[in-house]
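# Breakdown of the fold
If you want the building blocks of each chain, they are given just below.
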Amino acid sequence: MARVQLLIPDDDHARFVQQARIEGMSLSAWLIAAARRRVAQKRGSLPFESAEALQRFFRECDALKGPKVEPDWEEHSEVINDSRRGGTGGP
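In this report, the structure presented in the accompanying data block is examined. (Residues numbered from 1 in each chain as written. Predicted model: local features only at pLDDT ≥ 70, side-chain atom pairs only at ≥ 80, totals over all residues. Heavy atoms only, no water.)

In this section: the pattern of salt bridges. When the charged atoms of two side chains with opposite charge come close together, those side chains can pair. Taken as a whole and assessed by the stated rule, the structure comprises four salt bridges. Where Asp12 meets Arg15, a salt bridge forms, and the shortest distance between an N and an O atom there is 2.2 Å. Taken together, the positions of Asp12 and Arg15, both in helix α1 (residues 10-22) and three residues apart, correspond to about one turn of that helix. Of the charged contacts, one joins Asp82 and Arg85 as a salt bridge, the two residues approaching to 3.8 Å between their closest N and O atoms. Members of the salt-bridge network, linked through shared partners, are Glu78, Asp82 and Arg85. (Salt bridge = Lys/Arg side-chain N within 4 Å of Asp/Glu carboxyl O. Helix = DSSP H or I, 4+ residues; strand = E, 2+ residues; numbered from the N terminus.)

Another point: the packing of aromatic side chains. Counted under the stated rule, the structure contains three aromatic pairs. With a centroid separation of 5.3 Å and 70 degrees between ring planes, the pair formed by Phe57 and Phe58 is classed as edge-to-face. In this structure an aromatic cluster arises from ring pairing among Phe48, Phe57 and Phe58. (Phe/Tyr/Trp six-rings, centres within 6.5 Å; stacked < 30°, edge-to-face > 60°.)

Structure, rendered in C-alpha cells:
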C-alpha cells in the first residue's frame, strides 16, 4: 500500500475532518472515497448506491422517448459487420 502525504490548508482540513466524522469515516478513508468518486465521475459511470437507485435508473430509461419499432437485427448486424470490414456502414 502506498503512503501519500498531502498539504491541506487548515480550514479545508477542519471541514474535511468534520465531514468524514459525519459520514462515520476516518479522514484517510473519506479522502480515498472522494478520489474514487471523482475518478468514476470522470469515466462517466458511478456504481448504483442501492437496488432502488438501479430501479429508478431503469424507470427513467423506460420513460425516454425512442423509436416505436426496434431496428431489424439482421440489418443492424450487417451495418456493424460492414463497419468492422472498413465499409461505409450504410444500408
